[in-house]
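# A structural walkthrough
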Amino acid sequence: MNENRPEFEGAQPLRITCTGKMGPVPEGFAAAECIVCLRLITTGQYFTTLPVGCGDNPENRSRARMGAPFPIVFRAAHFACVTGDESESMLSIV
Ligand SMILES: [Zn+2]
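None of the values given here were measured: they were computed from a predicted structure.

## Points about the overall build of the chain
Check the secondary structure of the chain and you find 2 helices and 4 strands. The linear arrangement of helices and strands in the chain, starting from the amino end, is β-β-β-α-β-α. Considering the chain as a whole, with its 94 residues, one finds that 15% of them fall into the buried category.

Below is the structure:
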């Protein structure tokens, strides 16, 4: 029971599928943009990748439309932005 947010009573927690915790990003690696917060994933931060779709390949798009298996495009995100786990993220939340 959630007394503060009754609209969530009985709701199941959202489970987001990601590729697991990776990192920390070593020094010298090019920074990538987190697809969740749009800030850079930089040296020392932990990250994961999320499946986002079939991409722009026409054959893969066709397979996706037909419900057939296709290679999945993954994009990087801060681990904290996906899971809420800030324990080692070095991500400043303001
Ligand atoms: Zn982020």
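That covers the picture; the talk isn't over yet.
## Some thoughts on unusual backbone geometry
Proline 24 follows glycine 23 through a cis peptide bond whose omega is 5°. With respect to the helices, strands and loops of the structure, proline 24 is situated in the segment before strand E1 (32-33). Phi is positive for leucine 38, which is not a glycine, with a value near 70°. Mapped onto the fold, leucine 38 is located in the loop between E1 and strand E2 (40-41). Among the residues examined, leucine 38 registers 9 C-beta atoms within 10 Å and is labelled exposed.

## Some remarks on helix H1 (residues 58-66)
Burial within H1 is sparse, with just 0 of its 9 residues counted as buried. Two residues or fewer after H1 comes glycine 67, characterised by a positive phi angle close to 80°.

## Structural notes on the nonpolar core
Counting 10 residues, the largest nonpolar core consists of Val25, Cys34, Ile41, Tyr46, Phe47, Ala77, Phe79, Ala80, Cys81 and Val82. It is helix H2 (residues 79-83) that contributes the most residues to this core, 4 residues altogether. Beyond its immediate chain neighbours, meaning those up to four positions away, alanine 77 contacts Cys34, Ile35, Val36, Phe47, Thr48, Leu50 and Val82.

## Things to note about the environment of glycine 44
Tracing the sequence through the fold places glycine 44 in the loop between E2 and strand E3 (47-53). Considering only alpha carbons, one finds glycine 44 and proline 24, 20 residues apart in sequence, at a separation of 4.7 Å.

## Side note on the environment of methionine 22
Position of methionine 22 relative to the elements: it lies in the segment before E1. Using a count of 13 C-beta atoms within 10 Å as the deciding quantity, one classes methionine 22 as partly exposed. Separated by 25 residues in the primary sequence, methionine 22 and phenylalanine 47 have C-alpha atoms spaced 5.3 Å apart. Apart from the residues lying within four places of it in its own chain, the contact partners of methionine 22 are Tyr46, Phe47 and Thr48.

Calculation rules
- Residues numbered from 1 in each chain as written.
- Predicted model: local features only at pLDDT ≥ 70, side-chain atom pairs only at ≥ 80, totals over all residues.
- Helix = DSSP H or I, 4+ residues; strand = E, 2+ residues; numbered from the N terminus.
- Buried ≥ 20, exposed ≤ 12 C-beta atoms within 10 Å, placed from the backbone.
- Core = buried A, V, L, I, M, F, W, Y, C linked by C-beta atoms within 7 Å.
- Contact = placed C-beta atoms within 7 Å.

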